[in-house]
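Chain and residue survey
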Amino acid sequence: MSAWVVNKKGEPKYRRHFLTDNSTFHVERCMGVMQSGTQMVKLKAGSKGLVRLFYLDDHRSCIRWKPSRKSEKAKITIDSLYKVTEGSQSDIFHRHADGSFDPACCFTVYHGNHMESLDLVTSNAEEARTWITGLRYLMAGISDEDSLAKRQRTHDQWLKQTFEEADKNGDGLLNIEEIYQLLHKLNVNLPRRKVKQMFQEADTDDQQGTLTYEEFSVFYKMMSLRRDLFLLMMAYSDRKDHLTADELANFLRIEQKMANVTPEYVAEIIEKFEMSDENKQSGVLGIDGFTSFMRSPTCDIFNPLHHEVNQDMEQPLCNYFIASSHNTYLTGDQLLSHSKTDMYAWVLQSGCRCVEVDCWDGPDGEPMVQHGYTLTSKIPFKSVIGTINKYAFINNQYPVILSIENHCSIQQQKKIAQYLREIFGDKLDVRDALSRDAKTLPSPQSLQGKILIKGKSLPAYLSADAEEGEVSDDDSADEIEDDFKLKSSNDNGHHQVESHIRKKLDSLLKESRIGDKEDTDSFSIRALLRATHQGLQKNLRQSSKGVLKKSQSRSFITTLKQKRHSKSRLSCQSMDKEEDVQEGSGREAGGQFNRCGRKRKTMKLSRDLSNLVVFTNSVASQECLNEGTPGDVLSFSETRAQSLVNHRAEQFLAFNQRQLSRIYPSAYRIDSSNFNPQFYWNVGCQLVALNYQTEGRMMQLNRAKFMVNGGIGYVLKPPPMCKGSFNPFSDDPLPAYPKKQLILKIISGQQLPKPPDSMLGDRGEIIDPFVEVEIIGLPVDCCKEQTRVVDDNGFNPVWEETLSFTLHMAEVVLVRFLVWDHDPIGRDFIGQRTVAFSSLMPGYRHVYLEGLTEASIFVHVSVHDVYGKWSPLVLNPSFTIMHFLGSNKGHQLRGIRGLFNRSSKSCVDTNSGGPRKRSISDHLLRRTASAPAKGRKKTKMALSESVASISEQKNGLGARARARGEGMSGKEVGVEKGYEPRGPLIHRPMSMPLDRLLQGQLSLCSPDKEQSDMGSDTVIVEN
């Protein structure tokens, strides 16, 4: 990447906040040394150090090393770097304590979502200082970038990397055969004649038959020409190849629904995105500039205003969803993984506002943090608190909730309280918030910069002079039955069992992956964990006598597999009846038994620790939902909470309007998989704790949820969840509440890669993509719909299909875009992007797939209010009304899709007869963009089709309807097997009059006239 940032005047300037103590010359010298390469020792857990040559690549985008079995994949991108620490501080260095490394020669690079560490040792301190300085400088540059600069930089880096990977012989040139291989990798399916023609046009220097990087950039630009964007531009440019300032303003107001579009703003867009100096001087935006603008963050589907706090933060805490983490310290599974303090730093800076700390007695009177009754590693409590104090308020000042699971003796509880007071200091002082209304919880705004301790507190009836007292000990750590807990054993036995179980568990979890299961009854994880712990206990006993035998290993894994297939499901009804009986018997016995029929446990609690708990007092979850003060927090395992949601949803909803509830994953999710958080958000649960270390569908939903309000970890609940009552499982939960109709036009895709788990990798066949849109919200709103399949085109497929959804409570809805590769025996995942409905931007938008540099889909978004059974819809002149008037069902508007055919019907001047001269639009449209339609299976009945003004019939509707009918022909093929077939969706053309424009029947005269054409009237239609 560039060593400087460019300001608005185009002048380079260094990041002065970083270069205060580092001269320009010094930083550039560091860059040169890093690019030349340095031999360093790479430390790994459980093995000796490996000597490797580490170097910074030419465009300063990633760290590479060699030799490596990973070949080209042996790299760490600068974008993924989290922090660089000096000295031998990491866990890996501590394990290699016998290495006697000079701390001045050691440093650690933390990177990736799971805070992976790259631990390096240089031959001298100067080399270590050079790398630390250089990497921190590069990281500072990335943090300084705005979204547009980052998008441009990542594009340039991707294009350079693509060129280098295609250059097989490393001569800095690409021949035609290397281009053919590259196009196959990029999922481009073009005739070789066409490829050769573009190759020859790009090859302008003396190197005949090869392309330099600059020539390749021209070739790629020719290949990437967006005809959908060109047609969109023509719709507003009166068929010219550029947009004037007035025409651009017209487009922004009408299609993108932008308010207050000033001449200065339009001029700024032209200045920023137009690439031609001539066009800049003329004040117009050409196709290249328009393409850059449409692919910029300005036209992303996510509302840019939601990158900042935009909600009322003065309401009580119980009125917010709060981003929460479960067993925050773990880096992997719940049984064998490592614990790291860095996990707290990572989740806090990711926006998490509730972290968990499991405290246990440690050696030398020092409390430790670990996952009890497992083989996970331990970390000092003091280090955890220090990390939380350092990182809690770096990105935002809103309060952090520290959920403490206390399993310590009185002596170490006092040490915990001492560390909390000493390290957090004034952050624990919430007296200002206490002086307000005692009947409600304080607001996030009033608690800025504060840390709330969530834990148990001594009962009020206990004397104030008492230094300790007894409280309930029924908490999350005891969800595992006593018979299954891993008891202590000798160190040698632990080591042998850990080595054995780790290998077996890894292979078993790959075979029986339960990640992202939304129905906790759909897998027998209870039986799996029971077998695992029985096996651990058995092997611990045997290991004390000798080494594990192979027959015992086979027996252990066989037992696991047999238990995994056992069925131990209970119906919800019988479970509830059993709970009622057990709770009744507990009351008769004076409260000595909990809801599971076991004797209620108690523990001793120190007064010092109890006094730190103010607004978040942990209460045993079996107590009645109707009781308690606003400061009482109830914690539920997902299984118990699921029962409450299914059978007492309205009561649970009412509870969450007064108090906080915390939902945590079942302890039987030993692989750290996550449940579906939406299920509990639907009843207003605030603290839905997830395993942040496990990437996947559920964490994607969680991220999308909290991006709505700047990613600060607090999102305001919809008004019906804060006051009033409704049944979230009803078919019409809020009859008087306005509904929303979401209409998504899935237009095209760009640079879609091959599936990440493709067996043949880049050599695999060209993909056949289709798009699936999933709505996640209240049960009545949840559904999936998908487009047809486009054959053999992942580079620029065109779908041009409309999907329609009715949303009963749009404020809680998440919209999930998924791209799949169709396969005769199933489908392969390509990528996804999840966005909250309230963050969707209207108009023409790009949906960039998460984690992929260039891959995106191009969509049109429109939203309409729906009241009851009547839906007033904004009209567009390109919407059809033929079906509404009872005309031939086959007569449909063709939309843009018909323009992309090879035949002469797709030309601009279709009304003229005889031979004619090709126009610029014909030149652009002469190559087919998509394969024939394959059809699709519906997963939800669509809404009634929108209607338009009757005057649309006067504009040659019949001819266009026939073209539409031809485009819709094809055999109906189902893509997904898991859903019943539903009625077919009638596709609505995009909301722009391209069909009339390109047939010479429309010209855009003035913004006022166009505004009236684009639909100022409304028609009410019954669903």
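Structure: above.
Residues numbered from 1 in each chain as written. Predicted model: local features only at pLDDT ≥ 70, side-chain atom pairs only at ≥ 80, totals over all residues. Heavy atoms only, no water.

A count of helical and extended segments in the protein gives 31 helices and 36 strands. Counting all 1023 residues of the protein, 55% fall into the buried class. Here the analysis covers contacts within the protein between residues at least 6 apart in sequence; of these, 73% occur between residues at least 24 apart. Approximately 44700 Å² of the protein is accessible, and the part contributed by carbon and sulfur atoms is 50%. (Helix = DSSP H or I, 4+ residues; strand = E, 2+ residues; numbered from the N terminus. Buried < 20%, exposed > 50% of the residue type's maximum accessible area, 1.4 Å probe, protein only. Contact = heavy atoms within 4.5 Å. Areas by Shrake-Rupley, 256 points an atom, 1.4 Å probe, with all protein chains shown as cover.)

Here we have seven strands laid out as an open sheet, ordered β6-β5-β4-β3-β9-β8-β7, and antiparallel in their pairing. Either end of the sheet is taken by a strand with one partner, and the two such strands are β6 (75-77) and β7 (81-86). For this sheet, the mean angle separating the axes of adjacent strands, direction not counted, is 30°. In the sheet, strand β8 (residues 106-111) pairs with strand β9 (residues 116-121) via six bridges, with the strands oriented antiparallel. Counterpart to Phe-107 in the pairing with β9 is Leu-120. (Pairing = 2+ DSSP bridges. Axes fitted to C-alpha atoms, helices over the stretch in contact; angles between N-to-C directions.)

Their axes nearest at 10 Å, the elements helix α15 (residues 381-391) and helix α16 (residues 410-424) cross at an angle of 25°. With respect to each other, α15 and α16 are oriented roughly parallel. Crossing of α15 against α16: the hand is right-handed. Between α15 and α16, the residues in contact are Phe-381, Lys-382, Ile-385, Gly-386, Ile-388 and Asn-389 and Ile-416, Tyr-419, Leu-420, Ile-423 and Phe-424, respectively. Here the residues of the contact of α15 with α16 are counted per class, giving eight nonpolar, two polar and one charged. (Parallel < 35°, antiparallel > 145°, perpendicular 65-115°, else oblique. Left-handed = near helix turned anticlockwise from the far one by under 90°. Nonpolar A, V, L, I, M, F, W, Y, C, P; charged D, E, K, R; others polar.)

This next bit is on the environment of His-647. Note on placement: His-647 falls in helix α23 (residues 638-647). Residue His-647 is classed as partly exposed on the basis of its relative accessible area, which comes to 39%. A polar contact is formed between the side chain of His-647 and the backbone oxygen of Ser-643, at a distance of 3.1 Å. (Polar contact = N/O pair within 3.5 Å; in protein donor to acceptor, adjacent residues only side chain to side chain.)

Both trends apply: most residues other than glycine have a negative phi, and most peptide bonds are in trans. That bond from Lys-66 to Pro-67 is cis: its omega, 0°, falls within 30 degrees of zero. Within the element layout of this structure, Pro-67 appears in the loop between β5 (62-66) and β6. One non-glycine residue, Arg-239, lies in the positive phi region at around 65°. For Arg-239, the position within the fold is in the loop between α9 (227-236) and β12 (242-244). Given a relative accessible area of 36%, Arg-239 falls into the partly exposed group. Unlike most non-glycine residues, Glu-800 shows phi in positive territory, near 55°. Tracing the backbone shows Glu-800 in strand β30 (residues 798-807).

Next up on the list: the side chain of Ser-339. Checked against the element boundaries, Ser-339 lands in the loop between β14 (320-325) and α14 (342-349). Residue classification places Ser-339 among the buried positions, given a relative accessible area of 1%. With residues up to four places along the chain from it excluded, the contact list for Ser-339 reads Asp-91, Tyr-329, Leu-330, Thr-376, Ser-377 and Ile-379.

Another point: helix α8 (residues 213-223). Each α-helix winds once per 3.6 residues, and so residues spaced three or four apart point in a common direction. Residues Tyr-213, Glu-215, Phe-216, Phe-219, Tyr-220 and Met-223 constitute the buried set of α8. Down the axis of α8, the smallest arc covering the buried residues is 150°, so these residues share one side. (Arc of directions from axis to C-beta.)

Another point: the sheet that holds strand β34 (residues 856-866). Ordered in space as β30-β27-β34-β33, the four strands form an open sheet in which the pairing is antiparallel. Whereas interior strands pair on both sides, the edge strands pair on one side only; in this sheet they are β30 and β33 (843-848). Adjacent strand axes in the sheet meet at a mean angle of 25°, parallel and antiparallel pairs treated alike. Sheet topology places β33 next to β34; six bridges connect them, and they run antiparallel. In the sheet register, Tyr-848 faces β34, and the bridge partner there is Ser-856.

Geometry only, nothing functional implied.
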